[in-house]
Amino acid sequence: MSDFIPTGIHLVYLAATSLFIVGLKKLGSPATARNGNIMAGIGMLLAVLVTLLDQQVLNYQMILLGVVIGTVIGTLAAYKVKMTQMPQMVGLLNGLGGSASALVAVAEFWRLLGESQTIPLDSSISILLDVLIGGVTFSGSVIAFAKLQGIMSGSPITFPLQQLINVSLLASYIFGGFFLLTAPHNLPIFLSMVLVSLVLGIMLVIPIGGGDMPVVISLLNSFSGLAASAAGFVVMNNMLIISGALVGASGLILTEIMCKAMNRSLFSVLFSAFGTSSSSSGNLDVTS
Amino acid sequence: MLITETLITALFIFVLAAFVGFEVINKVPPTLHTPLMSGSNAISGITVLGAILASGAKEWNISVILGLVAVVLATINVVSGFLVTDRMLQMFKKKEVKT
């Protein structure tokens, strides 16, 4: 009997992935959008329910409690938010997803450290990628939310050597990554890499102005998908890898479509606060 | 061997799924940009599965606690994401009926 459960889980995952793909497709057209969203929701419900049956999951009481708490908070937030606040709401939800993916990576790193002296190479690469993408998504989304909500100024924040600092932050992450691959038992290095990923997310979003924020949120949405996919590589779960890749790719296309609708390129949205292109795009910012 | 067969299979799945993601989105009308973003954002909350698997162990330790926090955060992402998308899409429907 127990042999059937793993097979059953995978078959339900297959059904859920199909629901996600059809749901996403339907979300792109006005007549079918609502159905598409409901289909994706059903897919998610199925996926969560069968995952609770996984033999790896032993303390399902605590997990169910977590799901209930999340459902209550999520429902309240969804009905309290005003229609005009939707972009920042999506931004905030992106951040939650990204941080959850990063936490999965940190949790798995901790578990592997406790279990053995060495961490397999493919696990550690997945974990480091997940922490980077998830961390950037989290802190970037929080800044995007703060800008749109008016908690911080919506205008671009720039300072000298900003891009040089960004590049060196990324370089230090990669350097730290290589160091951890050879000596994984270095917790301070790992934790400072988590910190670097968070700072990178902030640095990516602060130079972007208010009118361009929806594009950035769409890009961060794509990132949150990639983070979920990276989490899938960490726990080796096909459902996560596929859904994350779906969101990552479709989010990127959507970002591109949104840029075109504003007559901008993604590059100019992300980097227009630096250098020469800012003057040429300034008038477009006002209208958008 | 540097890279295991499992990882190669996972990479195949990732790349193929990404192509599906690229193909699934085309010619979206501007009014649907935000709902589509919000809907796909809810799907990215699938990371809740990873969180459930990471917090599955019976004994209490840091991994399990981090996993449970991730379960809560990802569930908020999922539930709120789908509900908010539905609210937005409902609004479009009412507008169409009126006009």
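Residue numbering note: each chain is counted from 1, following its sequence as written. Following the order in which they are written, the chains are lettered starting with A and the ligands numbered starting with 1. Whole-chain, interface and lining totals are the exception, using all residues; otherwise, since this is a predicted model, local features are given only for residues with pLDDT of at least 70 and side-chain atom pairs are given and counted only at 80 or more. Note: side-chain values were computed over all heavy atoms of the structure, leaving out hydrogens and water.

- For chain B, an unreviewed UniProt entry supplies the name proton-translocating NAD(P)(+) transhydrogenase and the organism Richelia intracellularis HH01.
- UniProt positions are given in the numbering used here, feature names are shortened, and annotations may be inferred rather than shown by experiment. The UniProt entry for chain B carries this comment under Function (unreviewed entry): "The transhydrogenation between NADH and NADP is coupled to respiration and ATP hydrolysis and functions as a proton pump across the membrane."

Here's the deal with the overall build of chain A
Here is step 1: For chain A, the helix and strand inventory stands at eleven helices and zero strands.
Here is step 2: Taken from the N to the C terminus, the helices and strands of chain A come in the order α-α-α-α-α-α-α-α-α-α-α.
Here is step 3: Over its C-alpha trace chain A gives a radius of gyration of 20 Å, about what one expects of a compact globule, namely 19 Å for 288 residues.
Here is step 4: With the C-alpha coordinates of chain A rotated into their principal frame, the extents come out at 70 × 55 × 30 Å.
Here is step 5: Accessible area is worked out with a 1.4 Å probe on protein chains only. A residue is then buried under 20% of its type maximum, exposed over 50%, and partly exposed in between. Counting over 288 residues, chain A shows a buried share of 51%.
Here is step 6: Summarising the internal contacts of chain A: among those between residues at least 6 apart in sequence, 72% fall at separations of at least 24.
Here is step 7: Each accessible area value is a Shrake-Rupley result obtained with a 1.4 Å probe; residue values ignore everything except the protein chains displayed when judging cover. When the accessible area of chain A is evaluated, it comes to approximately 12700 Å², of which 73% is carbon and sulfur surface.
Here is step 8: Here Asp and Glu are counted as negative and Lys and Arg as positive; His is not counted, and neither are the chain ends. In this description, the location of a charge corresponds to atom NZ of lysine, CZ of arginine, CG of aspartate or CD of glutamate. Side chains of chain A give 9 positive and 9 negative charges; the mean places of these two sets differ by 18 Å. Secondary structure elements are defined from DSSP: runs of H or I of at least 4 residues count as helices, runs of E of at least 2 residues count as strands, and each element is numbered from the N terminus. Computation of the radius of gyration draws on C-alpha atoms alone. For the globule rule, the value is 2.2 Å times the number of residues to the power 0.38. Whether two residues touch is decided by their heavy atoms; if any such pair falls within 4.5 Å, the residues are in contact.

Comments concerning unusual backbone geometry
Residues and elements named next belong to chain A.
Here is step 1: Positive phi, close to 50°, is recorded for Met236, a residue that is not glycine.
Here is step 2: Here Met236 is to be found in the loop between helix H8 (213-235) and helix H9 (238-261).
Here is step 3: Look at Met236 and you get partly exposed, because its relative accessible area is 36%.
Here is step 4: The backbone of Asn263 sits at a positive phi, close to 60°, despite the residue not being glycine.
Here is step 5: Here Asn263 is to be found in the loop between H9 and helix H10 (266-271).

Regarding the UniProt feature "transmembrane region" (unreviewed entry) in chain B
Residues and elements named next belong to chain B.
Here is step 1: Those residues carrying the UniProt feature "transmembrane region" (unreviewed entry) are residues 6-25, 37-56 and 62-85 in this numbering.
Here is step 2: In residues 6-25, helix accounts for 95% and strand for 0%; the two terminal C-alpha atoms are 29 Å from one another.
Here is step 3: With 80% helix and 0% strand, residues 37-56 has end C-alpha atoms that lie 31 Å from one another.

Remarks on the interface of chain A and chain B
Here is step 1: Taken together, the contacts link 91 residues of chain A with 76 residues of chain B.
Here is step 2: For the pair chain A and chain B, the two sides together bury roughly 7300 Å², of which 78% comes from carbon and sulfur.
Here is step 3: Two parts placed together each lose some accessible area under a 1.4 Å probe, and adding up what both lose gives the buried area. The three residues of chain A that bury the most area against chain B are Arg34, Met44 and Met83 of chain A, which together make up 9% of that side's buried surface.
Here is step 4: The term salt bridge refers to a side-chain nitrogen of Lys or Arg lying within 4 Å of a carboxyl oxygen of Asp or Glu. Of the charged contacts in the structure, one is a salt bridge between Arg34 of chain A and Asp86 of chain B, with a shortest N-O distance of 2.8 Å.
Here is step 5: Definition of a polar contact: a pair of N or O atoms within 3.5 Å, with one able to donate and the other able to accept a hydrogen when the atoms are protein atoms, and with sequence-neighbouring residues admitted only if both atoms are side-chain atoms. The tally of links between chain A and chain B comes to 18 residue pairs in polar contact (both at pLDDT 80 or more).
Here is step 6: Looking at the side of chain A that touches chain B, the elements with two or more residues in it are helix H1 (4-27), helix H2 (33-51), helix H3 (60-80), helix H4 (86-115), helix H5 (121-149), H8 and H9 of chain A.
Here is step 7: Considering every element that reaches the side of chain A that touches chain B, the biggest residue donor is H9 of chain A, with 17 residues.
Here is step 8: Polarity classes work like this: nonpolar for Ala, Val, Leu, Ile, Met, Phe, Trp, Tyr, Cys and Pro, charged for Asp, Glu, Lys and Arg, and polar for all others, with Gly in that last group. Residues belonging to the side of chain A that touches chain B are distributed by class as follows: 59 nonpolar, 26 polar and six charged.

A word on the packing of H4 of chain A against helix H3 (residues 47-54) of chain B
Here is step 1: Inter-axis angles, ranging from 0 to 180 degrees, are taken between N-to-C directions of lines fitted to C-alpha atoms, where helices are fitted over the stretch in contact. Direction vectors running N to C along H4 of chain A and H3 of chain B enclose 30°, while the axes themselves pass 9 Å from each other. With respect to each other, H4 of chain A and H3 of chain B are oriented roughly parallel. Handedness of the crossing formed by H4 of chain A with H3 of chain B: left-handed. Across from Gly97, Ala100, Ser101, Val104 and Ala107 of chain A in H4 of chain A, the residues of H3 of chain B making contact are Thr47, Gly50, Ala51 and Ala54 of chain B.
Here is step 2: Its residues assigned to classes, the contact of H4 of chain A with H3 of chain B shows five nonpolar, four polar and no charged. Convention used here: angles under 35 degrees read as roughly parallel, angles over 145 as roughly antiparallel, angles from 65 to 115 as roughly perpendicular, and any remaining angle as oblique. Crossing handedness is read from the near helix: turned anticlockwise from the far helix by less than a right angle, it gives a left-handed crossing, and turned clockwise, a right-handed one.

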